[in-house]
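Chain by chain, the residues:
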Amino acid sequence: MNLLITGGAGFIGAHLVRHMVQKYPQYRIVNLDALTYAADLNRLVEVADAPNYRFVEADLTDFEAVQKIVLEYKIEAVIHLAAESHVDRSISGPLVFGQSNIMGTLHLLEACRNTWQNDKKHLFYHISTDEVYGALGAEGVFSVDSPYDPHSPYSASKAAADHLVRAYGTTYGLPYIISNCSNNYGPGQHREKLIPLLIDHLKHNKPLPIYGDGSHVRDWLFVADHVTAMDVIFHKGESGQTYLIGGQCEKTNLEVAQSVCDAYDRKMGQPAGTARKLITFVEDRPGHDHRYAIDPSLLEDRLGWQAQTPWEAGLETTLNWYLKNN
Ligand code: NAD
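What counts and what doesn't
Residues numbered from 1 in each chain as written. Predicted model: local features only at pLDDT ≥ 70, side-chain atom pairs only at ≥ 80, totals over all residues. Heavy atoms only, no water. Pairing = 2+ DSSP bridges. Helix = DSSP H or I, 4+ residues; strand = E, 2+ residues; numbered from the N terminus. Axes fitted to C-alpha atoms, helices over the stretch in contact; angles between N-to-C directions. Contact = heavy atoms within 4.5 Å. Salt bridge = Lys/Arg side-chain N within 4 Å of Asp/Glu carboxyl O.

## Observations concerning the sheet that holds strand 10 (residues 242-245)
Then comes step 1: An order of 3-2-1-4-5-6-10 is seen for the seven strands of this open sheet, with the pairing classed as parallel. What marks the edges here is a single partner per strand, and that holds for strand 3 (53-57) and strand 10. Going across the sheet, the axis of each strand differs from the next one's by a mean of 20°, ignoring polarity.
Then comes step 2: In this sheet, strand 2 (residues 28-33) lies alongside strand 1 (residues 2-6) in parallel orientation, the contact comprising five bridges. Bridge assignment links Thr 6 to a residue of strand 2, and that residue is Leu 32.
Then comes step 3: Where helix 1 (residues 11-23) meets the sheet, its contacts fall on strand 1, strand 2, strand 3 and strand 4 (77-80), and the angle it forms with strand 1 comes to roughly 165°.

## Examining the sheet that holds strand 9 (residues 217-222)
Then comes step 1: Overall, mixed pairing links the three strands, which are arranged 7-9-11 in an open sheet. Only two strands of the sheet have a single partner each, and these edge strands are strand 7 (183-185) and strand 11 (250-252). Between one strand axis and the next, the sheet turns by 50° as a mean value, whatever way the strands run.
Then comes step 2: Relative to strand 11, strand 9 is paired through three bridges, and the arrangement is antiparallel.

## Remarks on the pattern of salt bridges
Then comes step 1: In the structure shown here, the tally under the stated rule is ten salt bridges.
Then comes step 2: The shortest N-O distance in the salt bridge between Arg 89 and Glu 192 comes to 2.7 Å. In this pair, Arg 89 sits in helix 3 (residues 87-92) while Glu 192 sits in the loop between strand 7 and helix 6 (194-203), placing the two residues 103 residues apart along the sequence.
Then comes step 3: Two residues, Arg 276 and Asp 262, come together in a salt bridge whose shortest N-O distance is 2.7 Å. Pair noted here: Arg 276 is in the loop between helix 8 (253-268) and strand 12 (279-282) and Asp 262 is in helix 8, with a separation of 14 residues, a long-range link.

Put into structure tokens, the structure is as follows:
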């Protein structure tokens, strides 16, 4: 199979590319990435020379380039991760989110439609976020039937992309699957994201900024568990289906910061509570959704997937990685 993975030089994409290249030597895997500020090819050194792997630098906003790659590599299936991914950046500069996340997805869909015609053996697997569903109160969880209600330019652009994927399925019969995942963490995430940022500030003895009163809740999933979920969905998922992926690991941002601080104290041999003194509350982000939580039962019941990594273990692995890698 000729499999195109987009955004494979990013955080989650690189974990997925390494996994797929190593686990499926019979696949030819093409990694398309524009190498934005969020990309890092060092994440891929262990597979860079693998015979079943090719990296292609290209921007999804360039339709001709995308069409050429899909044709040239005879792409039969796509796992589409490439996107602008940082909510704060979408607030200060939303245009590129529309260009990459909406137009980029549309270009890829159109290139696949042109190339695949009506052949049903192909698959367009689109990777999305739970943020498309908006915010929850103290109770309840998102399910595949939850209405879309995105609040940030990032989540709105991802929601638009999800709608375009479904529209290509309904209008042109393009075989697709969508998965919406909760917050990922793990080795190699860009330092602008919450957990790497906290670790970086701890290393430099700087205040740990927490939005508002720290009560915002996210469901956290270790990136390796997201990768196994994508693997099982790609191979066993039902065409036209949406799967929610989550770790059933709800934490307030304050709890996340406290967990990182306590793990850091243990690692450094410092008295308990030392790192927590650096926690500082800062002005809240505009439109900050209060709580996200996921019901992953469809994925668990139908495809047998389960998150395997407990929060403490995932956090320790992540912390160790950031302490080793500057
Ligand atoms: P990331 O920012 O680390 O990586 C994104 C990658 O996409 C980068 O390598 C970048 O160069 C590439 N890219 C961006 N615009 C591009 C374009 N126009 N053309 C080609 N490549 C482009 O993101 P991530 O955290 O790895 O997220 C990957 C995907 O998973 C995104 O679609 C995101 O919405 C989704 N997602 C992320 C999370 C999370 O917690 N990080 C949770 C759920 C879903």
